[in-house]
Amino acid sequence: MTSKIPLGALDAAFLFGETRNTPMHVASLQTFRIPSGAPPHFVSELYAYMRGFPVSAEPFNYQVAGGLRGKLRPSWEIRDDIDLDYHLRFSALPYPGGERELGILVSRLHSIPMDLSRPLWEVHLIEVLEDNRFAFYYKMHHALVDGMTAMRLVTLSNDRADGFAPPIWAARLGDKFAHRPSQTGFLEKLPELARKELEALPDLYRGLSAVAKAAVGMGGDANLTSTTESPRTLFNVKIDGQRRVATYRTSLTRLKTIGRAAGGTVNDVVLAACSGALRRYLAELGELPGKSLIGAVPVALFRDKREGSGNAVTTLLARLGTDVADVRERFGVILRSVEAGKEHLQDMSEAAAMNYTMMMATPAMLTMWLPDVATQMPPMYNLIISNVPGPRDTIRFHGAEMEAIYPVSQVGHGMALNITVVSYTDQFAFGFVACRDTVPSMQRLAVYMAEALDELEKTFLPKGKVTPAKSAGSTRRQAKPAGKPKKKSSKKKAAGKAEVTTPKRGRKRPTVKAAKKKAARRGKKPAA
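Nothing here was measured: the structure is a model prediction, and the numbers come from that model.

Looking at the overall build of the chain
From N to C terminus, the chain includes 14 helices and 15 strands. Counting every position in the chain, which comprises 528 residues, the buried fraction comes to 53%. For the chain, contacts bridging at least 24 residues in sequence account for 78% of all contacts bridging at least 6. Only carbon and sulfur atoms are counted for the fraction: they give 54% of the accessible area of the chain, which is about 25400 Å².

Shown next as structure tokens:
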């Protein structure tokens, strides 16, 4: 008899939200450097090697079971007949194999929904990247994993001793990530479930009451962000299925230095940098609202070590202070809002926090099923800003060192932009995902993110103590054009990578003195 594992409420919600225009998958883009001395066809040989491992590890052998492709009483069914050739794909970039070409490919791959009749994951091996590199694009459905679990899964196969472990779908994961079929029926578990829900009710009531009081201004903590104060922006509209992806990379040390100087954490600095970038982006489009944008920040909950897949998160609402011009004052708004949100969530039990999350997510789920509602209902928040911790040590896979890792998340009706960040060794990578046709020139956000961090350094760090920025391309040699080298643009360097372009600067106007000299050489009288 095939084992079946019921989906949790939040996992099922992601499955129910799956449509052509709102695919519910998340992804990771990893770039690797081909080891020195490797054979000419190293990447194709790596692909052939990976094809030799059948799918045997959980949760990669999970398939949705239930009526209407799993949307009626959904559960996971463990399969042993997975078609690996469908899930493992091999692609090559066109010349010159730069970050633009990689960004275009990833944007297209991320726009394609997953087949619910198959296990909900894909691995794309991409070759012919410039500077002797290749990439992996891992794609998994959000019903199967949350961001933290996905990050741990896609890096688990890289044994730090030698880096020659099997691919992730064949690695021996043991109990670390697998949902095990319950040996107890639902009726036997019902009393325990009911007890947990009853115990959670007081915490849930206090949490909802605090948010309600903040919404109507009836006392409580003025710094606690309510669910009714988000302004409507160009991000809070109905979307289509096409995506655009951009990235930016800096150093974790840089963010920690700014955080210490400003009296906050790395997360606070991330929110402040997002605020500065969003403020400039919207202002240039003439779309900056008079009220502060609200960011939804996922917060990981304690997870039973026996249940590694699925979702265990709640949500903190934070004011981003986009209505405040002063950088220092804006950071203070963010700091106070985040602290109030943390205290609010810490007062809840895990069960209460999960129920609170489901209630908070209900309007967002309604907009997935009724997309026109996204243009009518006031938004509860304007975008999601998520921070996912990645591996601290250098990752190697079959001798190839992982150079960078970028998160590629999801968007939906009423939320056309998502910003997710991932740490890796001393790197900190920002992944921007947006609806291609709704958020114009989204790549500018990567440029403005770099400039927002520069602004925070100038505001909080003593003169001469500014940490140099580390863009996505700064760790490797850049291709130089033939002829006389041009002066580097600071914006282009800070832009990060995938699909980020910076408009060329206009020609510098000559000074009056230079014009007179030029006219004298020609024997003409300069214009006054």
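Some thoughts on the packing of aromatic side chains
Taken as a whole and assessed by the stated rule, the structure comprises 16 aromatic pairs. Ring geometry for Tyr-47 against Phe-90: centres 4.8 Å apart, planes inclined by 20°, an arrangement best described as stacked. A residue pair is termed long-range when its members are at least 10 positions apart, and Tyr-47 in helix α2 (residues 42-51) and Phe-90 in strand β5 (residues 88-92) qualify at 43 residues. For Tyr-47, a relative accessible area of 18% puts it in the buried group. An aromatic cluster is built from Phe-32, Phe-42, Phe-134, Phe-136, Tyr-138 and Phe-397, whose rings are joined through pairwise contacts.

Quick word on helix α9 (residues 266-284)
Helix length check: α9 (19 residues) gives 27 Å between terminal C-alpha atoms against 27 Å at 1.5 Å per residue, within 8%. With 14 of its 19 residues buried, α9 lies for the most part within the structure. Where α9 terminates, the next one or two residues include Gly-286, which has phi positive at roughly 70°.

Topic: the packing of helix α10 (residues 327-346) against helix α12 (residues 444-460)
Running from amino to carboxyl end, α10 crosses α12 at an angle of 100°, the nearest separation of the two axes being 10 Å. The orientation of α10 with respect to α12, classified from their angle, is roughly perpendicular. Along its contact with α10, which presents Val-327, Arg-328, Arg-330 and Phe-331, the element α12 presents Glu-455, Leu-456, Thr-459 and Phe-460. Residues of the contact of α10 with α12, tallied by class, amount to four nonpolar, one polar and three charged.

Here we look at the nonpolar core
Core analysis: the largest hydrophobic core is formed by 71 residues, its most contacted members being Phe-235, Val-270, Leu-417, Phe-430, Phe-432 and Leu-456. If we skip the residues at most four places from it in the chain, Leu-417 touches Phe-235, Leu-278, Leu-383, Ile-384, Val-411, Val-433, Ala-434, Met-442 and Leu-445. Listed in part, the 49 residues of the second largest apolar core include Leu-7, Leu-46, Leu-116 and Val-388.

Re the sheet that holds strand β7 (residues 133-141)
Two strands in a sheet stick together by hydrogen bonds in their backbones, pointing the same way (parallel) or opposite ways (antiparallel). The strand order β5-β6-β7-β2-β13-β12 describes an open sheet built from six strands, whose pairing is mixed. Only two strands of the sheet have a single partner each, and these edge strands are β5 and β12 (396-397). Against the sheet, α2 touches β5, β6 (121-129), β7, β12 and β13 (400-408), its axis set at about 170° to β5.

Some words on the confidence of the model for the chain
Segments scoring low in pLDDT should not have their predicted coordinates read at a detailed level. Residue-level pLDDT values for the chain average 78, and 67% of them are 70 or greater. Per-element confidence in the chain is highest for α9, whose mean pLDDT is 98, and lowest for helix α13 (residues 490-494), whose mean pLDDT is 39. Under a pLDDT of 50 for its full length, residues 212-218 has, in the predicted model, six contacts with residues more than four places off or in other chains.

Focus on the pattern of salt bridges
As enumerated under the stated definition, the model contains 16 salt bridges in all. A salt bridge links Asp-115 to Arg-118, with the nearest nitrogen and oxygen atoms 3.5 Å apart. Take Asp-115: its relative accessible area is 23%, and that puts it in the partly exposed class. Residue Arg-118 is classed as partly exposed on the basis of its relative accessible area, which comes to 28%. In this structure, a network of salt bridges that share partners links the residues Arg-33, Glu-99, Arg-133 and Glu-403.

Here we look at helix α8 (residues 252-262)
For α8, the set of buried residues is Leu-252, Arg-254, Leu-255, Thr-257, Ile-258, Gly-259 and Ala-262. Of the surrounding secondary structure, the elements contacted by the buried residues of α8 are β8 (243-251), α9, α10, β15 (427-435) and α12. Downstream of α8 by one or two residues, Gly-263 has phi in the positive range, about 80°.

Points about unusual backbone geometry
Look at the link from Glu-58 to Pro-59: it is a cis peptide, with omega at 5°. Tracing the backbone through its elements, the reader meets Pro-59 in the loop between α2 and β3 (62-66). Along the chain, Tyr-95 connects to Pro-96 via a cis peptide bond; the corresponding omega equals 5°. The backbone phi angle of Val-128 is positive, close to 65°, even though this residue is not glycine. Within the element layout of this structure, Val-128 appears in strand β6. Given the relative accessible area of 45%, Val-128 is considered partly exposed. Phi is positive for Asp-131, close to 60°, though the residue is something other than glycine. Note that Asp-131 resides in the loop between β6 and β7. On the accessibility criterion, Asp-131 (18% relative accessible area) is buried.

A few points about the pairing of β7
Within β7, nine of the nine residues are buried, which leaves it mostly tucked inside the rest of the structure. Pairing of strand β2 (residues 25-33) with β7, which is carried by nine bridges, proceeds in the antiparallel orientation. Considered in β7, the bridge of Arg-33 is made with Arg-133. In this structure, β6 lies alongside β7, joined through seven bridges in antiparallel fashion. Residue pairing for β7: Ile-126 is matched across the bridge by Ala-135. The loop that links β6 with its antiparallel partner β7 comprises three residues; one of these, Asp-131, has a positive phi angle of about 60°.

Thresholds applied
Residues numbered from 1 in each chain as written. Predicted model: local features only at pLDDT ≥ 70, side-chain atom pairs only at ≥ 80, totals over all residues. Heavy atoms only, no water. Helix = DSSP H or I, 4+ residues; strand = E, 2+ residues; numbered from the N terminus. Buried < 20%, exposed > 50% of the residue type's maximum accessible area, 1.4 Å probe, protein only. Contact = heavy atoms within 4.5 Å. Areas by Shrake-Rupley, 256 points an atom, 1.4 Å probe, with all protein chains shown as cover. Phe/Tyr/Trp six-rings, centres within 6.5 Å; stacked < 30°, edge-to-face > 60°. Expected span 1.5 Å × (residues − 1). Axes fitted to C-alpha atoms, helices over the stretch in contact; angles between N-to-C directions. Parallel < 35°, antiparallel > 145°, perpendicular 65-115°, else oblique. Nonpolar A, V, L, I, M, F, W, Y, C, P; charged D, E, K, R; others polar. Core = buried A, V, L, I, M, F, W, Y, C linked by side-chain atoms within 4.5 Å. Pairing = 2+ DSSP bridges. pLDDT = per-residue confidence, 0-100. Salt bridge = Lys/Arg side-chain N within 4 Å of Asp/Glu carboxyl O.

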